[in-house]
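Working through the structure, step by step
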Amino acid sequence: MVLFINACVWAESRTKKLADHLLSMMDEPVTEVRLIDEKFPAVDFSFLDKRERLRQSGDFDDPIFKWGKQFALADTIVIAAPYWDLSFPAVLKTYFEHINVVGMTFDYSADGVPIGLCKAKKLYYITTSGGDFAPDEYGYGYVDALAKNYYGIPETALIKATGLDLVGAEPEKILKKCMDEMKERLTK
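Presented here is a report on the structure given in the accompanying data block. Each chain carries its own residue numbering, running from 1 in the direction its sequence is written. Side-chain atom pairs in this predicted model are given and counted only at pLDDT of 80 or more, local residue features only at pLDDT of at least 70, and totals for whole chains, interfaces and linings cover all residues. The basis for every side-chain value is the complete set of heavy atoms in the structure, and neither hydrogens nor water enter the calculation.

Once that is clear, we can look at the packing of aromatic side chains. Pairing of aromatic side chains requires ring centres within 6.5 Å, counting the rings of Phe and Tyr and the six-membered ring of Trp. Pairs whose planes differ by under 30 degrees are stacked, by over 60 edge-to-face, and all others tilted. Considering all chains together, one arrives at 12 aromatic pairs under this definition. Plain terms: the ring middles of F40 and W67 are 4.6 Å apart, the flat faces sit at 45° to each other, and that makes the pair tilted. Of the two residues, F40 sits in the loop between β2 (30-34) and α2 (45-57) while W67 sits in helix α3 (residues 66-73), which places them 27 residues apart along the sequence. Grouping residues by exposure puts F40 and W67 together as buried. A ring pair is formed by F106 and Y150, whose centres lie 5.0 Å apart and whose planes are at 90°; its orientation type is edge-to-face. With F106 in strand β4 (residues 106-108) and Y150 in helix α5 (residues 140-151), the pair connects residues that are 44 residues apart, well separated along the chain. The class of Y150 is partly exposed, set by a relative accessible area of 29%. Ring pairing ties together the aromatic residues F40, W67, F71, F88, Y95, F96, Y142 and Y151, which thus form one cluster. Every helix listed is a DSSP run of H or I at least four residues long, and every strand listed is a run of E at least two residues long, numbered separately from the N terminus. Only protein chains enter the calculation, and the probe is 1.4 Å; a residue is then buried if its accessible area is under 20% of its type maximum, exposed if over 50%, and partly exposed in between.

The next thing to look at is the layout of surface pockets. Here the largest pocket is characterised by a volume of approximately 170 Å³. As for the largest pocket, its lining consists of 14 residues, and the residues nearest its centre are R14, P82, Y83, W84 and T128. Polarity classes work like this: nonpolar for Ala, Val, Leu, Ile, Met, Phe, Trp, Tyr, Cys and Pro, charged for Asp, Glu, Lys and Arg, and polar for all others, with Gly in that last group. Along the lines of polarity and charge, the residues of the lining of the largest pocket split into seven nonpolar, six polar and one charged. Space inside and on the surface of the protein is sampled on a 1 Å grid over the protein atoms alone, with a cavity defined as a set of points where a 1.4 Å probe fits but cannot get out and a pocket as an open set with protein on both sides within 12 Å along at least 5 of 7 lines; lining residues have an atom within 4 Å of a point. Grid points are joined across faces, edges and corners, and a volume is the space filled by probe spheres set on the points.

Next up on the list: the packing of α3 against helix α4 (residues 90-99). Where α3 meets α4, the closest approach of the two axes is 7 Å, and the angle between their N-to-C directions is 85°. Accordingly, the angle class assigned to the pair α3 and α4 is roughly perpendicular. Seen from α3, the contacting residues are W67, G68 and F71; seen from α4, they are Y95, H98 and I99. Partitioned by chemical class, the residues of the contact of α3 with α4 number four nonpolar, two polar and no charged. Orientation is described by axes fitted as lines to C-alpha atoms, over the contacting stretch for helices, and by angles from 0 to 180 degrees between their N-to-C directions. With respect to orientation, any angle under 35 degrees is reported as roughly parallel, any angle over 145 as roughly antiparallel, any angle of 65 to 115 as roughly perpendicular, and every other angle as oblique. Whether two residues are in contact is decided by their heavy atoms, any of which lying within 4.5 Å being enough.

Let us look at the pairing of strand β1 (residues 2-6). Burial analysis of β1 places five of its five residues in the buried class, which makes it a mostly covered element. Of the strand pairs in this sheet, β1 and β2 are connected by five bridges, and their pairing is parallel. Residue pairing in the sheet places I5 in a bridge with V33 of β2. Crossover handedness is defined here as right-handed if the route from the first strand over the helix to the second strand goes clockwise, with the strands pointing away from the viewer. Following the chain from β1 across helix α1 (residues 14-25) to the adjacent parallel β2, one finds a crossover that is right-handed. In this structure, β1 lies alongside strand β3 (residues 76-80), joined through five bridges in parallel fashion. Of the residues in β3, the one forming a bridge with F4 is V78. Two strands form a pair only when DSSP identifies at least two bridges running between them.

With that settled, consider the side chain of T76. Here T76 is to be found in strand β3. Judged by its relative accessible area of 11%, T76 falls in the buried class. Setting aside its immediate chain neighbours within four residues, T76 contacts M1, V2, L3, M26, E28, A120, K122 and Y124.

We now examine the side chain of S129. Structurally, S129 can be placed in the loop between β6 (122-128) and α5. Residue class for S129 comes out buried when judged on its relative accessible area of 4%. Two N or O atoms count as a polar contact when they lie within 3.5 Å, although within protein this holds only if one can serve as hydrogen donor and the other as acceptor, and sequence-adjacent residues are included solely when both atoms are side-chain atoms. A distance of 3.0 Å separates a polar side-chain atom of S129 from the backbone oxygen of G131.

Structure, rendered in structure tokens:
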């Protein structure tokens with residue numbers, strides 16, 4: 001199963017357009033989590049205390065763990081997140097705060113080193129930017145580090161289309177070029 005984490009907000013999102021293209025090339029069922037439609041509880045003392053008590057008792061059936069379970073069991077992860085304010089939309093960070101569960105998405109060795117518990121072998125991170133100044137380490141670098149160092153997902157890929165709103169840019173041509181490159185990457 002492909003887990004599609006949709007952090008796009010705009011109805012006509014260019015990032016979502018790229019994600020839809022990638023998903024259409026995959027021959028697997030897709031489960032979408034549209035983050036702006038999710039009702040995430042606040043990550044406050046009460047939430048963390050409840051989650052820790054449940055985790056320590058091994059009670060992972062509580063709805064508080066639904067996103068973490070889903071993430072841990074996915075075969076492939078696709079994240080669509082536009083490039084905003086040197087990163088990604090805040091709702092994606094909130095999502096990560098809810099799936100980072102010791103004993104579910106990762107654990108620790110006796111030496112305190114994270115051990116990934118997720119099933120996925122690949123994570124795709126799709127982003128777009130109106131400007132041409134989206135350094136790879138913003139947004140993607142954070143997700144890449146979590147995937148490889150915590151979740152145990154060995155391979156990540158950045159798919160990006162930048163410069164879409166620059167004067168004289170031809171956004172549709174830029175998006176098409178990105179889609180063509182996706183097709184090339186997937187057939188290799």
